[in-house]
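Examination of the molecular architecture
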Amino acid sequence: MKVTNTNITDNEIAEVLSQAGLTDKQIKAFFSECCGKDCCAEKVRVLRSTRRSLLDSIHKEQALLDKLDYVIWCTEHKESEG
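Residues numbered from 1 in each chain as written. Predicted model: local features only at pLDDT ≥ 70, side-chain atom pairs only at ≥ 80, totals over all residues. Heavy atoms only, no water.

Re helix 3 (residues 39-81)
For helix 3, spanning 43 residues, the distance from its first C-alpha to its last is 63 Å, which sits close to the expected 63 Å at 1.5 Å a residue. Looking at helix 3, one finds that the buried residues are Cys 39, Val 46 and Thr 50. Looking at the buried side of helix 3, the elements it contacts are helix 2 (24-32). (Helix = DSSP H or I, 4+ residues; strand = E, 2+ residues; numbered from the N terminus. Expected span 1.5 Å × (residues − 1). Buried < 20%, exposed > 50% of the residue type's maximum accessible area, 1.4 Å probe, protein only. Contact = heavy atoms within 4.5 Å.)

Comments concerning the pattern of salt bridges
Taken as a whole, this structure holds one salt bridge when the rule is applied. In this structure, the salt-bridge partner of Arg 45 is Glu 42, at a minimum N-O distance of 2.7 Å. With Arg 45 and Glu 42 both in helix 3, this residue pair falls three residues apart, about one helical turn. Residue classification places Glu 42 among the partly exposed positions, given a relative accessible area of 28%. (Salt bridge = Lys/Arg side-chain N within 4 Å of Asp/Glu carboxyl O.)

Side note on the packing of helix 1 (residues 10-19) against helix 2
Where helix 1 contacts helix 2, the axes come no closer than 10 Å and their chain directions differ by 140 degrees. As the angle between them shows, helix 1 and helix 2 are arranged oblique. The chirality of how helix 1 crosses helix 2 is right-handed. Here Asp 10, Ile 13, Ala 14, Leu 17 and Ser 18 of helix 1 lie close against helix 2, whose contacting residues are Ile 27, Phe 30 and Phe 31. For the contact of helix 1 with helix 2, a count of residues per class yields six nonpolar, one polar and one charged. (Axes fitted to C-alpha atoms, helices over the stretch in contact; angles between N-to-C directions. Parallel < 35°, antiparallel > 145°, perpendicular 65-115°, else oblique. Left-handed = near helix turned anticlockwise from the far one by under 90°. Nonpolar A, V, L, I, M, F, W, Y, C, P; charged D, E, K, R; others polar.)

A word on the nonpolar core
Grouped together as the largest cluster of nonpolar side chains are six residues: Ile 13, Leu 17, Leu 22, Ile 27, Phe 30 and Val 46. Among the elements of the structure, helix 1 and helix 2 are those that each provide at least two residues to this core. Those residues in contact with Leu 17, other than ones at most four positions away along the chain, are Leu 22, Ile 27, Phe 30 and Leu 47. (Core = buried A, V, L, I, M, F, W, Y, C linked by side-chain atoms within 4.5 Å.)

Observations concerning the confidence of the model for the protein
On average, residues of the protein carry a pLDDT of 89, and 90% of them reach 70 or more. Model confidence for the protein, summarised as mean pLDDT per element, is weakest for helix 2 at 92 and strongest for helix 1 at 95. (pLDDT = per-residue confidence, 0-100.)

Okay, structure coming up:
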């Protein structure tokens, strides 16, 4: 898939950051801390950190799903043995 539109509004960015779990204060800091030429690098650092945190949460939930699936499997097979 080729991306042809790389424009994203500040409101869209703020909504994504909010959905990813950042507080209003963190989102305001994200937009205001950009003062120099290292602005892009700092924003990318914040975005990657947020992404990593979200991915860690997904992995924890996946591990819980796996355990629950195992309990279901054990329960079903225990009943069929008896």
